[in-house]
Structures are given as structure tokens and as C-alpha cells.
Amino acid sequence: MKIKMDKKSVIQSLYRFLLIFNILFIVGLCAYYGYRTVYYYDLEHNPKQQIKSLSETITGEEHIVYAGDGLYPDGDGYRFIGQNVQNYVYYSGMLWRVIRVNEDSSITMITDENVSSLVWGYDTNQFEDSYINEWLNPKEGVEHSGYFYQHLSNPDNFLVTQTTCVDVLDKAKESCEKTYTKGKIGLLSTSDYLKAGGTNSYLNNHTYFWTSNGSDDGKVWYVFDKGGFNNLSSSGDNYYSYGVRPVITINGKTALKSGTGTVDDPYMIETLNYKNLKSSTSGQYVTYANSLWRIVDVEADKVKVVLEDTLKSEEGVIKKVFSPTTNTYDPTSWNNIGYYLNENYASTLDTATYQAEGPWYTGAYNTDTKFDYKQIYSTSTNSYIGLLHMGELFLHDISSFTTLTPSNTYEQTVITVNEEGMIYSDLSTNELSIRPAIYLKSNLSITGGNGMKNSPFVLGGPTQ
């Protein structure tokens, strides 16, 4: 059957269609232009923050100077010169100072303080053959090499190959002819030290620390506490230990998270957001037992921390004889400093909830071992509480305390840090100040703080 529509019905249908179409068109226009209005208003009044790289920020036109202290153009890069420069970077739990921004925008920087202390090497003044290089950089097939590299936060993401000046010099100079590029961590050269202003620069931290340059008499140049150079690295059978200030170069695309480069507001290149100790990094700080501790080592099941002070009582500094009979750390011997720490001092701590047992390495550091720091790991003892050993991080945070590393077995001496922050041997029968180290459980929750010294981690209980 055919349905016949009259002319009036067709016109009414067409009118309804046009009406609906116009309404939808007008709604669409309103939505489109309304969105554009909101979008451009928001863009104008709330511009999205552009993520700038650290190198872009440092080399901004407002930071370049041509007189006085500050950042100077240097060839195709930039270099900080003078004392009062705002070049602090916080990375991997440590403060660093930017030395220069290179042509490719990569950034070379040095730790603000000495991170440890070691003898340079045995019968060598070449950086590439030194114990320092082994301690800084992993070496295939060499156990305990790359100690510092392995304690950095995500080094593969941040670090690029480091160019280290390894000239052997008759005297310190600003030029460099020979470089070493097989590792990602090096030392400061005499050239970079002098170009920054030498004694009158931010690089003079008034301590003793190694440079990367040997001297032409078979020894090694270092900076001493007054800011000058010396090369008394050894004398006969005596080998001297000076501070280690690693130098790294980070990727030029590294993003700046926050900060203005001052010591109180350093440039930040990592997000400080942690849930438990296992996610922390060496160099960060934690409060425990009403005291401030610094993280030395992070493992899967435990975290080593060291007290940022020596033990004290109401009467003053606590001093104890290391042992009247031995220079070996022994928590089981009643007249040993190890027994005092794990019995008397341990009674003041909540070891059951917070602490873990771990190894304390007791190998000697002397001419018999050729001052090879790796020999320290040859013997060990297990306990909750111990002391730092030679070559560990943050030996120089404070002064005047004993380590647990034996030095001369015949004379029964142990390695200590003196009031000037220098490494020396003291008799195990002398009363010595104590800077304890402990192992904390790595699954302890972090309930507050960001790990910096002015905001240390606050610990909660263990998590699953």
C-alpha cells in the first residue's frame, strides 16, 4: 500500500529538520568558541611551566659575568671563577659544585667536601693505575672496584664519560695535554683548580685532597689545607692518605627540578620522594634514637648509617680503649670496643624493631697489604653495631674518632681521624672517641623528611 504525503506535511518536516540543524549548529559554535575562550584565557593567565635543563638555567644571560666572581664564557663553554659563586647542586645525597658547562651542554662538577680518604696507590703516580681510580670506577673482574660509582643514585641515567687531565707535571699549571676517558668519575686537575682561581676560589675547601696529576719525581700533587699544592704523597715506606673529591660530568639534558644554586637552595635534579629506607641513597640523613645519622650504604635487606657525631654523655665526650691486647674489632671480647658498642651502647637502642646484623670488615691497611683498600674486605665479623672502615664514605664529616681498620699489627695501632681531619695511626691501648655505625632494616617506613641534612628522614615501623 502506498502512503501519499500532502505538500503541507513535507514543508512541516523540512521545517523541523532545519530547526533542529540550526539549534545543533548554534550549540556547536558556542561550545567551540567557548572552549577556545577558556583555553586561551588559561594559557595567558596560567602559562604552563616549561621544563628547563640545568645547563640552560646555569648559563642564562643573567648569570654571565665579565668581572668579579661568577660564571665566565670559556671558549665554547662556561666556567665558574672566584669564591662567591652560586653553583651548588644536590645530587645523590651530596652537595656538588659546578666547575664548568661544556660545549655540548654537559656539566662537570665536584663534591663540595672530601667524601673519603685513601692512599693514592703503590709504586705509581698515574691516575689510571691508582687505587683512587679503582675506588671511583668499576673495573671488570676486580671485586670491590667502583665503590663510589655504585653508591651514586642512578649513575647510568645522569653520568656521561668523564675527561680527566692526567698530565705528569714538574709544577702545577693551567694547561692540559694528556687526558683519560675510560671512566665516568675522575679527580680535579691542577689546571681546573688554577683556572677557577686556585686558593681564592670555591674549590679551596681548606682540607687536604688529591688532584689527578702526578709529579715528575714519581709522586702525586694534592691541595693542602691552606689552598696550595704539595706532592708529599709518599716518603720511603710511608704512604700518605689524603681526601678524595670525585669529579663527574652529567648529561646536558638533565632537567632542573628546583633550586637557585645557593648552599641553602641548591639546584635539584632529583625528586625527593621516598617511602622506605630501601629507596634511599647514600649521603642522605635519618633521625634515629634522638640522633642524626648519615646513610653510608643501601642494600636489599639493610642500610648502614653512621652517627653524625661522636658518643657523648652528660660528662662530655665518651672515650674508650680500642683494646689492650689487639687492634682487631671483636664484639665477643669483653675488653674490646666492639663489646662495649654491642652490649653497653646497644642497650640504649631498639635493636629488635629497627636494627639488623651485618658484616664489619676488619682487614688491615698498611705496607703489608700495599695500602690496597680492597684487602680490607678480606676478613670480617658480624654484629649490630660497628665503626667505619678505611675507604668508606663520609669519613671526613666530623673529626677526632677511631675507625675499626688495623694499621700496624706489630705496634697494635688502628687508623683514626684526628682533629684536623687527617688520617693517622693511634695505639689501640689509647682512649679514643667513638663514632658508631649501625645497620637499620631496609623495610623501615619513612614518615617524614626528604633526607637532606636540614630535613632528615623520620622513621616509622617495618613494612612488608
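That block above? That's the structure.
Residues numbered from 1 in each chain as written. Predicted model: local features only at pLDDT ≥ 70, side-chain atom pairs only at ≥ 80, totals over all residues. Heavy atoms only, no water.

(A) Geometry of the sheet that holds strand 29 (residues 401-406). The strand order across the open sheet formed by three strands is 29-30-31, and the pairing between neighbours is antiparallel. Two strands in the sheet have a free side with no partner beyond their single neighbour: strand 29 and strand 31 (423-427). Mean inter-strand twist for the sheet, computed between neighbouring axes without regard to direction, equals 40°. Looking at chain direction, strand 30 (residues 413-417) and strand 31 are connected through five bridges and run antiparallel. Note that in strand 31 the partner of Ile415 across the bridge is Ser425. (Pairing = 2+ DSSP bridges. Helix = DSSP H or I, 4+ residues; strand = E, 2+ residues; numbered from the N terminus. Axes fitted to C-alpha atoms, helices over the stretch in contact; angles between N-to-C directions.)

(B) The sheet that holds strand 28 (residues 385-387), seen in detail. Pairing is mixed across the open sheet formed by seven strands, whose spatial order is 28-33-22-21-20-35-34. In the strand order of this sheet, the two ends are held by strand 28 and strand 34 (444-448), each with one partner. Taking the axes of each pair of neighbouring strands and ignoring which way they run, one obtains an average angle of 45° across the sheet. Across five bridges, strand 21 (residues 291-298) lies against strand 22 (residues 302-307) in antiparallel orientation. Bridge pairing links Asp297 to Lys304 in strand 22. Running at roughly 140° to strand 28, helix 7 (residues 337-344) makes contact with strand 28 and strand 33 (436-441) of the sheet. (Contact = heavy atoms within 4.5 Å.)

(C) Layout of the environment of Gly252. Along the chain, Gly252 falls in the loop between strand 18 (247-250) and strand 19 (267-268). With 150 residues separating them in the primary sequence, Gly252 and Asn102 have C-alpha atoms 8.6 Å apart. The contacts of Gly252, once residues within four sequence positions are left out, are Ser53, Ser55, Ser105 and Ser106.

(D) Geometry of unusual backbone geometry. A positive phi angle, close to 75°, is found at Ser105, a residue other than glycine. For Ser105, the position within the fold is in the loop between strand 4 (94-101) and strand 5 (107-111). Positive phi, normally seen in glycine, also occurs at Ser400, with a value near 65°. Mapped onto the elements of the fold, Ser400 is located in the loop between strand 28 and strand 29.

(E) Structural view of helix 7. Burial in helix 7 covers these residues: Ile337, Gly338, Tyr340, Leu341 and Asn342. At its buried positions, helix 7 is contacted by strand 25 (319-321), strand 27 (380-383), strand 28, strand 29 and strand 33. For helix 7, the capping residue at the N-terminal end is Asn336, with a side-chain oxygen 2.8 Å from the backbone nitrogen of Gly338. (Buried < 20%, exposed > 50% of the residue type's maximum accessible area, 1.4 Å probe, protein only. Polar contact = N/O pair within 3.5 Å; in protein donor to acceptor, adjacent residues only side chain to side chain.)

(F) Quick look at the side chain of Arg294. Looking at the secondary structure, you find Arg294 in strand 21. Separated by 3.3 Å, the side chains of Arg294 and Tyr285 make a polar contact.

(G) Highlighting the packing of aromatic side chains. Summed over the entire model, instances satisfying the criterion amount to 23 aromatic pairs. Plain terms: the ring middles of Trp135 and Phe148 are 5.8 Å apart, the flat faces sit at 25° to each other, and that makes the pair stacked. In this pair, Trp135 sits in helix 3 (residues 131-136) while Phe148 sits in helix 4 (residues 147-150), placing the two residues 13 residues apart along the sequence. Each member of the pair, Trp135 as well as Phe148, carries the same accessibility label: buried. The rings of Trp120, Phe127, Tyr180, Tyr208, Trp210, Tyr222 and Tyr242 are connected pair by pair, giving a single aromatic cluster. The lysine or arginine in question, Arg435, covers the ring of Phe401, its NZ or CZ lying 5.1 Å from the ring centre. (Phe/Tyr/Trp six-rings, centres within 6.5 Å; stacked < 30°, edge-to-face > 60°. Lys NZ or Arg CZ within 6 Å of the ring centre and 35° of its normal.)

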